[in-house]
Amino acid sequence: MTNAAKPASSDNTLPWVEKYRPVVLKDVVGNQETVDRLNVIALGGNMPNLILAGAPGIGKTTSILCLAHALLGPTYKEAVLELNASDDRGIEVVRNRIKMFAQKKVNLPAGRHKIIILDEADSMTPGAQQALRRTMEIYSNTTRFALACNLSGKIIEPIQSRCAILRFGKLHSEQVLHRLVEICRAEDVKYTPEGLEAIGFSADGDMRQAVNNLQSTASGFGLITPDNVFRVCDQPHPVVIRKMLESCSRGEVDEAVACISVLWTQGYSAVDIITAVFRVVKVYDELDEDKKLKYVREIGITHMRIVDGLQTLVQLQGLVARLCRFALPGAALLRQV
């Protein structure tokens, strides 16, 4: 068993996403360049204020906890305050809890600092961010801040200028699958390669969701297969969407509309269906590059309409009709709608 496959805790009641959370930086999956920068900070010992930006479930909070472990040792939790700013996001939290922790005396290795981790920092109110700006300056000698967020643009510029910004990208399917295999072996879970690929598809680069889906499928069925995964995840089945795309590529409107109607009658929302269609198109190798780009364009236009509130079956059927149009002779000359 590799280091990455060793559980962070032996407590069998823990969710796997916590049980197998990396403890040291070398075990963090993906975003190698960003992790290398954190390793440099750990070796230097002088951590700057940080903003970690990226999609959910890709290792932002885990990475900063691993950095705290590298800087402060195994007992780092005494010198780390972790707050979820989506709950504790008002100005009173900055004035009270954060300020009190910054003033607290803690025994630290020489040259090290206390660390305050603010998860979902882009949910903090503007007033709280303004108060945080001043707190970061006053206690810079003893305390460092790490702000994890989905969109760094929602952090006010005065705070951005005081921080080093680290970008995290979505994980590749191969990285997610490698980690899932390690967890399956550690937990003695039976799986098929197609089942793990189905989990990777449903997670779309989100490691946290992938591990949660793995545990849910293993607990419910004991065997990881595509059918079991999609029954647990309750997402539109990619096989149906793939059949729809095959019909579109042949210009068979009625068959393609029937596939979309099946998903609709199963109770999936328009957002669920259009999101699944986009994911399948991205990995649908039977389309040439030019036609794939046209498909993505039409899917994007329909997605915008659905997000604006037009969540009807007619929108999805209209999308299917436009995709079928590209299979007609002289489709390149048709005016785009």
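Nothing here was measured: the structure is a model prediction, and the numbers come from that model. (Residues numbered from 1 in each chain as written. Predicted model: local features only at pLDDT ≥ 70, side-chain atom pairs only at ≥ 80, totals over all residues. Heavy atoms only, no water.)

S.K.: Sorry, what's going on with the confidence of the model for the protein chain here?
M.R.: A low pLDDT score tells you not to read the predicted coordinates there in detail. Averaged over all residues, the pLDDT of the protein chain is 84; the fraction at 70 or higher stands at 92%. Contacts for the low-pLDDT stretch residues 332-337, under 50 throughout, to residues beyond four places or in other chains number eight contacts. (pLDDT = per-residue confidence, 0-100. Contact = heavy atoms within 4.5 Å.)

S.K.: What exactly am I supposed to notice about the pairing of strand β4 (residues 143-149) here?
M.R.: The two faces of the sheet receive side chains in turn, since in a regular strand these alternate between them. The buried fraction of β4 amounts to seven of the seven residues, a majority that puts the element mostly inside the structure. Residues T143, F145, L147 and C149 point to one face of β4 and R144, A146 and A148 to the other, with burial holding for every one of them. The pairing of strand β1 (residues 50-54) with β4 spans four bridges and is parallel. Bridging across to β4, L50 finds its partner in A146. Between strand β3 (residues 114-119) and its parallel partner β4, the chain crosses via helix α5 (residues 126-138), and the hand of that crossover is right-handed. (Buried < 20%, exposed > 50% of the residue type's maximum accessible area, 1.4 Å probe, protein only. Helix = DSSP H or I, 4+ residues; strand = E, 2+ residues; numbered from the N terminus. Pairing = 2+ DSSP bridges. Right-handed = clockwise from strand over helix to strand, strands pointing away.)

S.K.: Honestly, the layout of surface pockets in this entry has me stumped. Any pointers?
M.R.: The gaps of empty space that remain are located by a probe, the size of a water molecule, rolled over the atoms. There is about 710 Å³ of room inside the largest pocket. S173, E197, G200, F201 and V283 are, among the 26 residues lining the largest pocket, the residues nearest its centre. Listed by contribution, the elements that provide at least two residues to the lining of the largest pocket are α7 (173-187), α8 (193-203), α10 (226-233), α11 (238-250) and α13 (270-282). Ranked by residues supplied to the lining of the largest pocket, first place goes to α8 with six residues. Counted by class, the lining of the largest pocket contains 12 nonpolar, five polar and nine charged residues. In this structure, the second largest pocket encloses a volume near 470 Å³. Taken together, 26 residues form the lining of the second largest pocket, with R21, G57, G59, T62 and R208 sitting closest to its centre. Those elements that provide at least two residues to the lining of the second largest pocket are α1 (16-19), α3 (60-72), β4 and α9 (207-221). Looking at the lining of the second largest pocket residue by residue, the classes come out as 13 nonpolar, five polar and eight charged. (1 Å grid on protein atoms, 1.4 Å probe; cavity = no way out; pocket = protein on both sides within 12 Å on 5 of 7 lines; lining within 4 Å. Points joined across faces, edges and corners; volume = space filled by probe spheres on them. Nonpolar A, V, L, I, M, F, W, Y, C, P; charged D, E, K, R; others polar.)

S.K.: Can you help me understand the sheet that holds β3 in this one?
M.R.: Strand pairing within a sheet occurs via backbone hydrogen bonds; the two strands may be parallel or antiparallel. Spatial strand order, β2-β3-β4-β1-β5: five strands in an open sheet with parallel pairing. A single partner strand is all that each edge strand has here, and the edge strands are β2 (80-84) and β5 (164-168). Within the sheet, the average angular offset between the axes of one strand and its neighbour, ignoring direction, is 15°. (Axes fitted to C-alpha atoms, helices over the stretch in contact; angles between N-to-C directions.)

S.K.: How do you make sense of empty space enclosed by the protein when you look at a structure like this?
M.R.: Counted under the stated rule, the structure contains one cavity of 30 Å³ or more. Reported here for the largest cavity is a volume of approximately 40 Å³. Lining of the largest cavity is provided by G45, M47, L71, L72, R112, H113 and I115. Here the residues of the lining of the largest cavity are counted per class, giving four nonpolar, two polar and one charged.

S.K.: Where do I start with the side chain of K291 in this structure?
M.R.: Looking at where K291 falls in the secondary structure, it is placed in helix α14 (residues 289-307). Those residues in contact with K291 that sit more than four places away from it in its chain are S249, F326 and A327.

S.K.: Any chance you could explain the packing of α7 against α9 here in plain terms?
M.R.: For any two helices packed against each other, the geometry comes down to the angle between their axes and how far apart the axes lie. Where α7 meets α9, the closest approach of the two axes is 10 Å, and the angle between their N-to-C directions is 35°. As for how α7 packs across α9, the hand of that crossing is right-handed. Side by side, α7 and α9 meet where Q175, V176, R179, L180, I183 and C184 of the first sit next to M207, A210, V211 and L214 of the second. Looking at side-chain class alone, the contact of α7 with α9 contains eight nonpolar, one polar and one charged residues. (Left-handed = near helix turned anticlockwise from the far one by under 90°.)

S.K.: Explain the nonpolar core here, please?
M.R.: Across soluble globular proteins, you tend to see nonpolar side chains buried next to one another. Counting residues in each nonpolar core, the largest one holds 76 residues, and the members touching the most others are M47, L50, L67, L214, M244 and L245. Sequence-distant contacts of M47, defined by excluding residues within four places in its chain, comprise I41, I64, L67, L71, I115, R144, F145 and A146. Counting 23 residues, the second largest nonpolar core, distinct from the first, contains M124, L132, F145 and C149. (Core = buried A, V, L, I, M, F, W, Y, C linked by side-chain atoms within 4.5 Å.)

S.K.: For this particular structure, what's the right way to read the packing of aromatic side chains?
M.R.: Each pair of aromatic rings is reported with the distance of its centres and the angle of its planes. Per the stated rule, a full pass over the model turns up two aromatic pairs. For the ring pair F201 and F230, a centre distance of 6.3 Å and an interplane angle of 65° mean the geometry is edge-to-face. Note that F201 is positioned in helix α8 and F230 in helix α10, a separation of 29 residues in sequence. For F230, a relative accessible area of 7% translates into the label buried. Directly above the ring of F326 sits R325, whose terminal nitrogen or CZ lies 5.8 Å from the centroid. (Phe/Tyr/Trp six-rings, centres within 6.5 Å; stacked < 30°, edge-to-face > 60°. Lys NZ or Arg CZ within 6 Å of the ring centre and 35° of its normal.)

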